[in-house]
Protein chains: 4
Amino acid sequence: MTKVFDFKEVSKHNTPSSCWVIIANNVYDVTSFLPSHPGGPKSILRLAGKDATADFDPIHPPGTLSQLPPTAHLGTIDPSTLPSPLQPALPSSNTNNPIPPPPTSLSQCLNLHDIETLATSKLPHKAWAYYFSAADDLLSKSLNRTVYSRILLRPRIFVDVTKCNTSTTFLSHPVALPFYVSPAAMARLAHPSGEAGIAAACAKYGVAQIISHNASTTPEAIVAAASPTQVFGWQLYVQTNRAASEAMLARIAALPSIKFIVLTLDAPVAGKREHDERTATALSADVVVGSGSGTGAEERAARAEGGVGKALFAGTAMDLTWSATLEWLGRHTNLPIVLKGVQTHEDAVLASRYPGVKGLVLSNHGGRAMDTAPPAVHTLMEIRRYAPGVFERCEVWVDGGVGRGTDVVKALCLGARGVGVGRGVLWGLGAGGVEGVERVFEILKGEVETCMRLLGVERVEELGMRHINARAVERDIYEEVLDLKARL
Amino acid sequence: MTKVFDFKEVSKHNTPSSCWVIIANNVYDVTSFLPSHPGGPKSILRLAGKDATADFDPIHPPGTLSQLPPTAHLGTIDPSTLPSPLQPALPSSNTNNPIPPPPTSLSQCLNLHDIETLATSKLPHKAWAYYFSAADDLLSKSLNRTVYSRILLRPRIFVDVTKCNTSTTFLSHPVALPFYVSPAAMARLAHPSGEAGIAAACAKYGVAQIISHNASTTPEAIVAAASPTQVFGWQLYVQTNRAASEAMLARIAALPSIKFIVLTLDAPVAGKREHDERTATALSADVVVGSGSGTGAEERAARAEGGVGKALFAGTAMDLTWSATLEWLGRHTNLPIVLKGVQTHEDAVLASRYPGVKGLVLSNHGGRAMDTAPPAVHTLMEIRRYAPGVFERCEVWVDGGVGRGTDVVKALCLGARGVGVGRGVLWGLGAGGVEGVERVFEILKGEVETCMRLLGVERVEELGMRHINARAVERDIYEEVLDLKARL
Amino acid sequence: MTKVFDFKEVSKHNTPSSCWVIIANNVYDVTSFLPSHPGGPKSILRLAGKDATADFDPIHPPGTLSQLPPTAHLGTIDPSTLPSPLQPALPSSNTNNPIPPPPTSLSQCLNLHDIETLATSKLPHKAWAYYFSAADDLLSKSLNRTVYSRILLRPRIFVDVTKCNTSTTFLSHPVALPFYVSPAAMARLAHPSGEAGIAAACAKYGVAQIISHNASTTPEAIVAAASPTQVFGWQLYVQTNRAASEAMLARIAALPSIKFIVLTLDAPVAGKREHDERTATALSADVVVGSGSGTGAEERAARAEGGVGKALFAGTAMDLTWSATLEWLGRHTNLPIVLKGVQTHEDAVLASRYPGVKGLVLSNHGGRAMDTAPPAVHTLMEIRRYAPGVFERCEVWVDGGVGRGTDVVKALCLGARGVGVGRGVLWGLGAGGVEGVERVFEILKGEVETCMRLLGVERVEELGMRHINARAVERDIYEEVLDLKARL
Amino acid sequence: MTKVFDFKEVSKHNTPSSCWVIIANNVYDVTSFLPSHPGGPKSILRLAGKDATADFDPIHPPGTLSQLPPTAHLGTIDPSTLPSPLQPALPSSNTNNPIPPPPTSLSQCLNLHDIETLATSKLPHKAWAYYFSAADDLLSKSLNRTVYSRILLRPRIFVDVTKCNTSTTFLSHPVALPFYVSPAAMARLAHPSGEAGIAAACAKYGVAQIISHNASTTPEAIVAAASPTQVFGWQLYVQTNRAASEAMLARIAALPSIKFIVLTLDAPVAGKREHDERTATALSADVVVGSGSGTGAEERAARAEGGVGKALFAGTAMDLTWSATLEWLGRHTNLPIVLKGVQTHEDAVLASRYPGVKGLVLSNHGGRAMDTAPPAVHTLMEIRRYAPGVFERCEVWVDGGVGRGTDVVKALCLGARGVGVGRGVLWGLGAGGVEGVERVFEILKGEVETCMRLLGVERVEELGMRHINARAVERDIYEEVLDLKARL
């Protein structure tokens, strides 16, 4: 005679050491079957101690249960003891809707877009506006994203992809992943842990981090807890007051975790970031009211200050030149120099020939400086076409618009050695502090590995032009034409 | 004197053997006129026994009724017996709206988009998400569709198109239609009849079917009721546990209905199908609550399992290589081998030179593996340009994004021999079981025939490049460039 | 002393023979000033007898009124007698909205899009669906429109454009305008006046008209009231029952107004016009209910009948061939033959070499036959590139997607002699009967004349390739490539 | 012992001469620190006399306050006296929304789009419609804007951009900025100050102004208050009544502020500006009702008058020709002649060879004349390709679609010397009178300077083709092809 179970009894067997499931009112002990389940043990354990009928039935061929040993069939369930069916986990209004509901927790974030959505729902307006904003009409910010989507990948078959190695080196320093944290300012606007929180996540995932000149935490504090293998760079905006810059370089020299200087050149003046400026405009209304003498002129003066972005540029030198600046910098640091903000092949050639310059970052400053400046992918392709020798003399890194692991891989195929992620990391910090940044790295690392395996590539140095079809972008990049004068 | 009829009397004459209609209050017997009606008998029979005034009047020249013999005029109707006018069949809110209301029955489905809409309204979320999902941002899924719409057709005139023959052969096996059922997994999620239900519809329409390795019904059950002329293939994902694969190949060898093996190569690891994974995320929330010890880490572990898609990939081998795998496979099957997932002309050339390989499927796995992988149309055009000899050595099939009969014809013009339909068939199954799949085949067959006739083509083997203008796609396909190394 | 007027008195002077206006509470008699007003007399007459202050003030420089003779100042108005300000003529919800409110009368229709909007609001669903519908996904219908918008015009300066002559000849018959009425079927669905109503409007504007084979009025009735200079063509769909076609040709031979036969070749079978078919589906539901024995199969059979479109194709021959059909036709008509539906340069060459063929219509049947068939502009450019001699041997007409006078002019620049308008005329008929069609012609004529003048062109025969920039389209047209066979 | 302050006391110290702030309940006197604050003094003064904790905390590294001298720490605040936190300045419904709320004051306008939005909310319908309207479907108006966004900029690094000089000369007359006010008509529709108001703003910013032939203020009144260095041009539409034009030229000759004549050629007839015409249509309904005898024909006649635009064209000559017109003009003016409305390189060549013609304006009349006429950028590139000598013989100016400082710079890079802004200035006038126009100039000047600095350019004459990537536009410009005749 078959034993009849109460649901309360069955529900206790919900562990790997005793795993029961109910299927069509029968109770089975599947503990010994867990290791050999074709779908893996977890998909059963998720249903351990429960009525698995709805999940089991549709995806198993008839006769599957007869493959279990007879002893696994323990008996039947008393249906009156079964709980009422679970509520659907997704709100019914979203059933079968291609657009998923906005995530409300880190664990619901499957990609970097989800992370941004979650951070947007949590951040104060001023912080959000500072991170979100880009110059003018956001055309470069948008182009930074879409240019990657226009490059197709070319997966190869019959390659053993059991192993996948994402490690590389930046200026000879080993890193676990080919992407790094771009020098984005003001991390504490997003979370109290700030740049030090980012550093903690970097330590866990072996990711390099470039500390912003405008970090909201001192460099000393950021690197304080760094592991010995952790790689940092430090971003320099040369100040009009050179002595201030020299003092900072001296402080950096005392921090052995910092391996290189990233001299930023793409923003001698602040771009016009209107989302950010509107915050200031809104605040200024309050100022004027407070002063009791508001006029249009005063209001405009307040507005003219701009937002967080413009404040950060106060004091930045506008008089940098190739020889004078690089010689001055050589006198004040022994670290390798990386030039950030290269946007033409002409400047890439010039930069790559300067002693002391070991790397370039092709960057339009995340679209925040000049609107309609070229995306780094354009500059990368421009250098490939007109000045491929640059890749021999320097490491070439890129940033801007990286939202998927496939974007990272595409940049590597085009010749980039490192790929910077800026906003994505800050959104991660805003979405969940250190854990949020870790989630960003976990997502990107998983996407890079899946992409490499599907391409049939084991190591990042194998990636090349044969793995992509960039023709839709190729036809848009700069073409050297004889200038007007030459034709007359 | 004219006879006056009651509507009840007239309404009985609503058959081909006695067909009366009321026009402008006169009653006519048009039975003998049915065969010679320029618009065909059905358009009259639809109005048999009814007041046809509104339908008749606008489309017939004056004097039409006078062409009827006088005896056809039976008399007049007693207007008081007429029913009140019919309600409009379409909801008034949709009157003259270019966007039709969503279909609520198979008979309202005029195309495959309607079929998907109907299935979406009927399927449980988990099944819908599994079928709908594709990798990352669905760019390849979308491109699979749009690439067909960018190819124009070139209709020829003055060709006798009385006959239209859609039959062809796949690896010498005759089939009635040039499209086939792609090996899409888990049909029972959509309908209890599952893959066997699809097979029944295939039998009726003479369509070939490739049985998924992850079918939710055993191959034996699927082919059990097959007709002797029905053509099946069987999809193989090689398992890490080779013995399991060898056992399956032995089972397949015992099924004479299965004519070839389709070795799938485009997904050594699962793509990141987020719609599918979100289902698991939603479910996992419940698991964690149930275990009483939910933490972020546990939640993420649950999520990391992914959805139905990832479960199916458990156990799939990642170590396949050209020689080793094809030699092993040759030892365990005598069937012709078709390699699925070829996405570059380089691999097409390699594949076409291996003995035992008789066919290729150009496929990006319905956009489900690598996002931004090329649509099959790209690979087809790549092979045409760089390696046309492949078409001589192998049959080349394609799949992905086929939603119209014109898409099938375009692929054939480009050199494909067979065109796989995956999601469309599953949506058909979800929309209406076996009858739903039949409706899919009926629609596609009708569209293919109309397209061939309008092109001025009688047989599928006549289709060629002269029937299409693919220039808008041609300029986007891969161009071989010298790699960086070669230029330095 | 200044006289004070009552508004009632002023308001009587609202004619060209006595025109008073109020400006800033002063009353002026501007009758004698009317002929010399820089803005023309009408803009004053519109305000005659009224308070013109608001209209006058913003657009006239200060001191303008002092240029009037002193006697023109009659006195002042008693403000208490002024009516309250007029309500704004546009609903306030639409104030300063780039999207205008839908027109509710012919006089509010400024362009053909307005005409379609107005007709859509007035037509019964069945008629609307028949006119609106096109094949499959409406891609060709849409491309027919957008291809014109991608061609730019090249206006020339310093050309005397006082005169503008839009007249031309079709097969040596003079017409006043270079556009004609395409043979669109079933005009009585739109308005009881049907094709005869269109003919009346054509008479007024000197427009040629091609009578549809499926006209809802007999050809005799259509041409009955034609003026002696009016030009008609008659469209022939060859019937399976050739005797029926021969009988029709005999009837046409008796109508001297009909100058040529337009043999339609682009639709040997009906295209799949889903908007039209949905009407039938909706109606069929009723049929099945009525028969009391509804099943899915019966419903589908009813649906398979299609809409108005498919009914019209019953009996159309599918076995036409170059020699047999053209010889047969030559035996049954002495009129010049125009072949409609040419969509490739290959067929254009073949057609232009047949004796008896005097004209071609490049047409994809308004996008109603084959979806993704090329727009006529493509075929025109194809012929220009590969077979320009065609233009010497035949007149080349085009149709499809013409919505603006600039579209007409662009087609003429590309080498077309006549430009067919089909749906636009039917929408005009639906929007307002004969007057609606006249409004369509008035709009298009005005737009053609403005376009010619702005181009600096007096006569249509002067238009040429130098007046357009079609490069954005040029790169998409068909390119002859060696077929696969030739490359192996 | 620490002093405890009342908030009322602290709030009095809100000036540069005594500036206190509260941070984390401590009160600091930061007056002496203001000049050396890295973010500039204003960002502190904004918070003077207030609780600055929220603003200070996130963006300063720990330890920042310890850099203040101990005496700066005055004491603590009595928290009970603090005001409740400020309401967020942006409406909560707009929090973290990429689309900002519409501006309600000039100070909230950060760009020209904001200015248009504000003006749209303030202008009467007739004025808005006249300014907003463009020909037909607004395709040229739209293309004028988008063509700029498709041109990318190429920023150079390591250039000293301390200085930025935007001055240039127009026909040897120095101007402070490379953009000028296009001759847009009817400024008093927007604001009572009209064209004289625009002139006042021009005086302040050193901007040149072309006075419209259809100005709503007399030229004498416009230039009355001009500064001696201010540069004006005067637009001429030659009248059918040449004597009227001659009289106007005589009046212009008496105004030394006017330096050149701009002969407009791109609109011998009015374009079809439907937004403008709909205003007239709406008004005409009223007219007809008033006359008591409304019929469709009368209504249409009223409509045919068109809007403001058509009224302005009454009397414009349509019979201009190269020799006759330029000779006539030479007899009636001694001023240099600028030809406006050149849209082809052929006309640019002809124009540049006429003595007396010193400048060209490449213009499609703001998209208001011929729809699908080329944007000025196209014509500029056409001249560069086919007739670069034009730039040697004439100054080449452009207008149409300029909405950003980057647009101005791009046009200069392509070879334009001056860049006209029309609608933008009128929207400024509508948004805020003289101050609104000043705001437009202030915005554009700031954007031009930022763009030049980010490009690494100090003076406008340095700008050239090497600073832009116009390849995406280049492939769409006119290509000379052999005309049909030549090929036969």
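Residues numbered from 1 in each chain as written. Chains lettered and ligands numbered in written order. Predicted model: local features only at pLDDT ≥ 70, side-chain atom pairs only at ≥ 80, totals over all residues. Heavy atoms only, no water.

Chain A is annotated in an unreviewed UniProt entry as L-lactate dehydrogenase (cytochrome) from Trichodelitschia bisporula. UniProt annotates chain A under Subcellular location (unreviewed entry) with the comment "Mitochondrion intermembrane space". Checking UniProt for chain A, the heading Catalytic activity (unreviewed entry) contains the comment "(S)-lactate + 2 Fe(III)-[cytochrome c] = 2 Fe(II)-[cytochrome c] + pyruvate + 2 H(+)". (UniProt positions renumbered as here; feature names shortened; annotations may be inferred.)

Peer 1: Help me get a handle on the overall build of chain A, residues and values and all.
Peer 2: Helix and strand counts for chain A come out as 20 helices and 18 strands. In chain A, the share of contacts with a sequence separation of at least 24, taken over all contacts with a separation of at least 6, comes to 74%. Counting every atom, chain A has about 17900 Å² of accessible surface; 57% of that belongs to carbon and sulfur. (Helix = DSSP H or I, 4+ residues; strand = E, 2+ residues; numbered from the N terminus. Contact = heavy atoms within 4.5 Å. Areas by Shrake-Rupley, 256 points an atom, 1.4 Å probe, with all protein chains shown as cover.)

Peer 1: Describe the relation of the copies chain C and chain D, and please don't skip the residues or the numbers.
Peer 2: When chain C is brought onto chain D, the operation consists of a screw motion whose angular component is 90 degrees and whose axial shift is 0.0 Å, with 0.1 Å RMSD remaining. Both copies of the chain, as the preceding transformation shows, are related through a four-fold rotation axis. Every residue of chain C has its C-alpha some distance from the rotation axis, and the shortest such distance is that of Arg 475 of chain C, at 7.0 Å. (Least-squares fit on C-alpha atoms with pLDDT ≥ 70 in both.)

Peer 1: Could you give an account of the pairing of strand β11 (residues 208-211) of chain C, naming the residues involved and the relevant values?
Peer 2: Along a regular strand, successive side chains alternate from one face of the sheet to the other. Residue and element names in this part refer to chain C. Here β11 shows no split at all, with Ala 208 and Ile 210 on one side and Gln 209 and Ile 211 on the other all buried. Assessed by its sense of winding, the connection that carries the chain from strand β10 (residues 179-181) through helix α7 (residues 194-205) to β11 is right-handed. With helix α8 (residues 219-224) bridging β11 and its parallel neighbour strand β12 (residues 232-236), the resulting β-α-β unit is right-handed. (Buried < 20%, exposed > 50% of the residue type's maximum accessible area, 1.4 Å probe, protein only. Right-handed = clockwise from strand over helix to strand, strands pointing away.)

Peer 1: I'd like to hear about the pattern of salt bridges, residue by residue, with values.
Peer 2: All names here are of chain B. Scanning the entire structure with this criterion turns up 100 salt bridges over all chains. The partner of Glu 474 in a salt bridge is Arg 385, and the shortest N-O contact between them spans 2.9 Å. Of this pair, Glu 474 sits in helix α19 (residues 471-474) while Arg 385 sits in helix α15 (residues 376-386), and the two are 89 residues apart along the sequence. On the basis of relative accessibility, which here comes to 22%, the residue Arg 385 falls in the partly exposed class. (Salt bridge = Lys/Arg side-chain N within 4 Å of Asp/Glu carboxyl O.)

Peer 1: For the sheet that holds strand β17 (residues 418-421) of chain B, give the residues involved together with the corresponding values.
Peer 2: Residue and element names in this part refer to chain B. The sheet built from eight strands closes into a barrel, its strands ordered β10-β11-β12-β13-β14-β15-β16-β17 with parallel pairing. Direction aside, the axes of adjacent strands within the sheet are offset by 30 degrees on average. In terms of strand pairing, strand β13 (residues 258-264) meets strand β14 (residues 337-342) through four bridges, oriented parallel. The residue bridging Val 262 from the neighbouring strand is Val 338, located in β14. Taken strand by strand, helix α7 (residues 194-205) contacts β10 (179-181), β11 (208-211) and β12 (232-236), and its axis lies near 165 degrees from that of β11. (Pairing = 2+ DSSP bridges. Axes fitted to C-alpha atoms, helices over the stretch in contact; angles between N-to-C directions.)

Peer 1: How would you explain helix α9 (residues 242-253) of chain D if you had to name every residue and give the values?
Peer 2: Residues and elements named next belong to chain D. Spanning 12 residues, α9 covers 16 Å between terminal C-alpha atoms, matching the ideal 16 Å at 1.5 Å per step. Ser 245, Met 248, Leu 249 and Ile 252 are the residues of α9 that are buried. The arc enclosing the buried residues of α9, seen along the axis, measures out at 100 degrees, which places them on a common side. Next to the buried residues of α9 lie α8 (219-223), β12 (232-236), β13 (258-264) and α13 (322-332). (Expected span 1.5 Å × (residues − 1). Arc of directions from axis to C-beta.)

Peer 1: Describe the sheet that holds strand β10 (residues 179-181) of chain D, naming the residues involved and giving the relevant values.
Peer 2: Strands pair in a sheet through their backbones, by hydrogen bonds, and they do so in one of two ways: parallel or antiparallel. Residues and elements named next belong to chain D. Strand order around the closed barrel formed by eight strands is β10-β11-β12-β13-β14-β15-β16-β17, with parallel pairing between neighbours. Averaged over all neighbouring strand pairs, the angle between strand axes comes to 30 degrees, with direction disregarded. Of the strands in this sheet, β12 and β13 touch α9, which is tilted by about 175 degrees from β12.

Peer 1: Describe the interface of chain C and chain D, with residues and values.
Peer 2: Each side of the interface is counted separately: chain C has 66 residues, and chain D has 81 residues. Across the interface of chain C and chain D, roughly 6400 Å² is buried in total on both sides, 56% from carbon and sulfur atoms. Summed over the shared surface of chain C and chain D, the result is 10 salt bridges. Residue Arg 156 of chain C is joined to Asp 347 of chain D by a salt bridge in which the shortest nitrogen-to-oxygen separation is 3.0 Å. Here chain C is connected to chain D by 25 residue pairs in polar contact (both at pLDDT 80 or more). With 10 residues, the single largest contributor to the side of chain C that touches chain D is helix α18 (residues 423-455) of chain C. (Buried area = accessible area lost by both parts, 1.4 Å probe. Polar contact = N/O pair within 3.5 Å; in protein donor to acceptor, adjacent residues only side chain to side chain.)

Peer 1: How would you summarise helix α15 (residues 376-386) of chain C if you had to cite specific residues and measurements?
Peer 2: Within α15 of chain C, nine of the 11 residues are buried, which leaves the element mostly enclosed by the surrounding structure. Listed as buried for α15 of chain C are Ala 376, Val 377, His 378, Thr 379, Leu 380, Met 381, Glu 382, Ile 383 and Arg 384 of chain C.

Peer 1: Could you give me a rundown of the domain arrangement of chain A, with the residues and numbers involved?
Peer 2: Domains assigned within chain A are domain 1 (4-81) and domain 2 (106-288 + 300-475). Look at where the C-alpha atoms of domain 1 of chain A and domain 2 of chain A centre, and you get two points 50 Å apart. (Domains from an automatic or database assignment.)

Peer 1: I'd like a rundown of the interface of chain A and chain B, residues and numbers included.
Peer 2: Contact residues are listed per partner, giving 68 residues for chain A and 82 residues for chain B. Between chain A and chain B, the buried area comes to about 6400 Å², and carbon and sulfur atoms account for 56% of it. The interface formed by chain A and chain B contains 10 salt bridges. For the salt bridge of Glu 479 of chain B with Arg 471 of chain A, the shortest nitrogen-to-oxygen distance reads 3.8 Å. Put simply, chain A and chain B have 25 residue pairs in polar contact (both at pLDDT 80 or more) between them. For the side of chain A that touches chain B, the element with the highest residue contribution is helix α18 (residues 423-455) of chain A, accounting for 10 residues. Of the residues assigned to the side of chain A that touches chain B, the class counts are 28 nonpolar, 18 polar and 22 charged. (Nonpolar A, V, L, I, M, F, W, Y, C, P; charged D, E, K, R; others polar.)

Peer 1: Just give me the short version of the relation of the copies chain A and chain B, but keep the residues and values in it.
Peer 2: Structural alignment of chain A on chain B gives an RMSD of 0.1 Å, achieved by rotating through 90 degrees and translating 0.1 Å along the axis. By residue overlap, the copies meet through two different surfaces: only 3% of the interface positions of chain A are interface positions in chain B.

Peer 1: I'd love a proper account of the side chain of Asn 144 of chain A, names of residues and values included.
Peer 2: Residue and element names in this part refer to chain A. Relative to the assigned elements, Asn 144 resides in helix α6 (residues 139-149). Given the relative accessible area of 2%, Asn 144 is considered buried. A polar contact is formed between the side chain of Asn 144 and the side chain of Asn 364, at a distance of 2.9 Å. With sequence-adjacent residues up to four places away left out, Asn 144 is seen in contact with Asn 364, Gly 366, Gly 367, Pro 375, Gly 400 and Gly 401.

Peer 1: Account for unusual backbone geometry, naming residues and giving values.
Peer 2: Despite not being glycine, Phe 158 of chain A has its phi angle at roughly 55 degrees, a positive value. The residue Phe 158 of chain A is located in the loop between β7 (152-153) and β8 (168-170) in this model. Even without glycine at this site, Asn 96 of chain D takes up a positive phi of about 55 degrees. Following the sequence through the fold, Asn 96 of chain D ends up in the loop between β6 (73-77) and α4 (112-122).

Peer 1: A description of the side chain of Glu 274 of chain B should follow, citing residues and the corresponding values.
Peer 2: Tracing the backbone shows Glu 274 of chain B in helix α10 (residues 274-291). Here the side chain of Glu 274 of chain B touches Lys 272 of chain B through a polar contact of 3.4 Å, side chain to side chain. If near-sequence neighbours (up to four positions away) are discounted, Glu 274 of chain B is found in contact with Leu 110, Asn 111, Arg 404 and Glu 447 of chain A together with Ala 134 and Asp 136 of chain B.

Peer 1: Tell me what's going on with the environment of Leu 426 of chain A, and back it up with residues and numbers.
Peer 2: Residues and elements named next belong to chain A. The topology assignment puts Leu 426 in helix α18. The spacing of Leu 426 and Val 181 is 245 residues in sequence and 9.5 Å in space, taken between C-alpha atoms. When neighbours within four sequence positions are excluded, Leu 426 is seen to be in contact with Tyr 131, Ala 184, Ala 185, Ala 187, Ala 190 and Ile 198.

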